[in-house]
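# Working through the structure, step by step
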Amino acid sequence: MIRNVLTIIYMLLLSCALSSCEDSCKWTHYKSYHFIDCYEEWSSFDLRYNKMYNVFLIQFNAKQRYYSTEVQGLYNPEQTVENLNKFNELAAKNGDVGYDWEASYMIGSGHLCRTAIYPKITDILITSDCNYDESHPAETSLNDIFVAYYQSFTKFLGNIDHSDVYPNDGSLGGTRKLCNEIEENELYVISPLNFALYPKHPPTVCTGKHRITVTLTDENGEVHSATAERDFSQPE
């Protein structure tokens, strides 16, 4: 079973980021006045099963990214005024105010500033096409079986005291809990990068292949689903 999902995901992300970084990569710094410096608009996602770590990974498909004034020169110097205004609108909507910190950025390493998805997620549902156990027939909710790991930024936003928050800590907001225990607002402002799912125990009825479906509902009422297969008869 997964003991440290956070470490696993960061290893995967770091390897991907650094694989495209040439020898000329250098660190630079910039001032930020927001906890989140980019919003990533999505309308679909992919679900993949990672056999090495026995987790299902959610990957959001980005339609557009909206950057703050402070980072647009690093990530998108040609960003339109409309997109900058959209960032400011989302930052105000989420109460992302009152920050003043110095962020680090490795030139040439890709998209690394703190990012949140837009629109927000309001609900998550996990199902299987097979009977999981006696209490979970096919196509019924497995939210009390599957554990989710995600980075939620909600608690760092709004009218709060920022004095004990160190924004440069990339692990802030890391959360692990059963899907049926997730509070609705926890998925409002989350990272698009770190979203993993795994069952707390294997199936006991159909112990072979399962097609696991994840369904996400966004704040506009749109429903998005993706499916991935896992063969539970294979040893972990």
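All figures in this text were calculated on a predicted structure; none of them were measured in a lab. (Residues numbered from 1 in each chain as written. Predicted model: local features only at pLDDT ≥ 70, side-chain atom pairs only at ≥ 80, totals over all residues. Heavy atoms only, no water.)

### Quick look at the pairing of strand β9 (residues 190-199)
Within β9, nine of the ten residues are buried, leaving the element largely enclosed by the surrounding structure. Pairing of strand β7 (residues 146-152) with β9, which is carried by six bridges, proceeds in the antiparallel orientation. Pairing of S152 across the sheet is with I190, part of β9. (Buried < 20%, exposed > 50% of the residue type's maximum accessible area, 1.4 Å probe, protein only. Helix = DSSP H or I, 4+ residues; strand = E, 2+ residues; numbered from the N terminus. Pairing = 2+ DSSP bridges.)

### Details of the layout of surface pockets
Each pocket or cavity is described by its volume, and for the second largest pocket that value is around 220 Å³. If you go around the second largest pocket, the residues you meet are Y49, K51, M52, N54, K209, E229, R230, D231, Q234, P235 and E236. The element best represented in the lining of the second largest pocket is strand β11 (residues 223-231), accounting for three residues. Among the residues making up the lining of the second largest pocket, the classes are represented as three nonpolar, two polar and six charged. (1 Å grid on protein atoms, 1.4 Å probe; cavity = no way out; pocket = protein on both sides within 12 Å on 5 of 7 lines; lining within 4 Å. Points joined across faces, edges and corners; volume = space filled by probe spheres on them. Nonpolar A, V, L, I, M, F, W, Y, C, P; charged D, E, K, R; others polar.)

### Points about the sheet that holds β7
Strand order in the open sheet formed by six strands is β5-β2-β3-β9-β7-β8, and the pairing between neighbours is mixed. Taken across any chain shown, the strands that pair with only one partner, and hence form the sheet edges, are β5 (115-118) and β8 (174-178). Ignoring strand direction, the axes of neighbouring strands in this sheet form an average angle of 30°. The pairing of strand β2 (residues 38-50) with strand β3 (residues 55-67) spans twelve bridges and is antiparallel. Bridged to D46 within β3 is Q59. (Axes fitted to C-alpha atoms, helices over the stretch in contact; angles between N-to-C directions.)

### Focus: helix α3 (residues 81-93)
Counted at 1.5 Å a residue, the expected span for α3 with its 13 residues is 18 Å, and the 18 Å between its end C-alpha atoms agrees. Among all positions in α3, only N83, L84, K86, F87, L90 and A91 are buried. Burial along α3 is one-sided: seen end-on, the buried residues are contained in an arc of 155°. Residues of α3 that are exposed and point over 90 degrees away from its buried face: V81, E82 and A92. (Expected span 1.5 Å × (residues − 1). Arc of directions from axis to C-beta.)

### A look at the confidence of the model for the protein
With 86% of its residues at a pLDDT of 70 or more, the protein shows a mean pLDDT of 88. Note that residues 14-20 has pLDDT below 50 and, in this model, five contacts with residues that lie over four places away or in other chains. (pLDDT = per-residue confidence, 0-100. Contact = heavy atoms within 4.5 Å.)

### A closer look at the state of the cysteines
Under the criterion given, the structure shown has zero disulfides. C113 supplies the cysteine sulfur nearest to C38, a cysteine that is in no disulfide, at a spacing of 4.9 Å. (Disulfide = S-S within 2.5 Å.)

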